[in-house]
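# Tertiary structure, described
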Amino acid sequence: MTRFVKLICFQVPSVKLSVSRFPYQQWPVRPYRSVSSASNSSVTPSEKRENLPLASVTEKVKQTTKDVGYFTVVLGGFVLTGTILYAIIHELFSSRSPNGVYDDAFRICKTDSRVLDCFGSSLKARTSPDSRRRRQNIAYDSWHDDKSRLHMAMKFYIKGNLASGVVYLEVVENESKEFDYRYLIVETEGGFSKKQIILRSSSEVDNPNL
């Protein structure tokens, strides 16, 4: 019994010694890192743009250029259409345009009793003796005098059921930028038997010539 106890006491230190020879080592734990997040965070915005396909960038540039070109064409069309409409409206309805002067002069002629007595009713105006259209190629001339005032002289034809004749007129710009008549004369056709009817006159004009 005593020998057995001694044997145990002798072997225990060897066990302790053998354990101390192989101390426990703790393995390092690697921190978890997401592959996708690490890869995304390492790519800068400039690198992302550089990684875009060249064909895609080229197509975007082409499409942008086309869009700008279409917008320019449409905008130019609107501007051109507006300019044309303004010119037409101004030509037809402005009192300072040749058509405006023509309409006003004919209105004075067809409402004057002397003209109606001489030419008869159903009075019509034409821009030339053979013209069937009222507003075709109005014969007029315009200029500025030494006071920078705009002048406009005009000639057109009228015809009633009794006679036909020619209308001569000249207008001049006043301080309000409106036209005043220097003269408005209706002359019948017929050689020596022709008559003149003075509808508007000014002391500045003696014998109007167009």
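Before reading on, note that the structure itself is shown above.
A few points on the structure. In every chain, residue numbers begin from 1 and rise along the written sequence. Owing to the predicted nature of the model, reporting of local features is limited to residues with pLDDT of at least 70; listing and counting of side-chain atom pairs is limited to 80 or more, with chain, interface and lining totals taken over all residues. Just so you know, side-chain values use all the structure's heavy atoms and leave hydrogens and water out.

## Quick look at the environment of Cys109
How we decide: Going along the chain from the N terminus, every DSSP run of H or I of four or more residues is numbered as a helix, and every run of E of two or more is numbered as a strand. Only protein chains enter the area calculation, which uses a 1.4 Å probe; residues under 20% of their type maximum are buried, those over 50% are exposed, and those in between are partly exposed. Between two residues, a contact is recorded if the distance between any of their heavy atoms is within 4.5 Å.
Tracing the sequence through the fold places Cys109 in helix H5 (residues 98-110). On the accessibility criterion, Cys109 (0% relative accessible area) is buried. In this structure, the C-alpha to C-alpha distance between Cys109 and Lys124, residues 15 residues apart in sequence, is 10.0 Å. Not counting residues within four places of it along the chain, the set of residues in contact with Cys109 comprises Val115, Leu123, Val167, Val186 and Leu199.

## What about the pattern of salt bridges?
This is how it is decided: Salt bridges are counted wherever a side-chain nitrogen of Lys or Arg sits within 4 Å of a carboxyl oxygen of Asp or Glu.
Enumeration according to the criterion identifies five salt bridges in this entry. Ionic pairing is found between Asp145 and Arg149, a salt bridge with its closest N-O pair at 2.9 Å. We classify Asp145 as buried; its relative accessible area is 18%. On the basis of relative accessibility, which here comes to 28%, the residue Arg149 falls in the partly exposed class. In this structure, the salt-bridge partner of Lys194 is Glu187, at a minimum N-O distance of 3.7 Å.

## Considerations on the pairing of strand E4 (residues 164-173)
Note the cut-off: Any two strands with at least two DSSP bridges between them are considered paired.
Counting buried residues in E4 gives nine out of ten residues, a clear majority hidden from the surface. Note: strand E3 (residues 150-159) against E4, nine bridges, orientation antiparallel. Looking at E4, one finds that Tyr157 is bridged to Val166. Where E3 hands over to E4, the hairpin turn is made up of four residues, counted between the paired strands.

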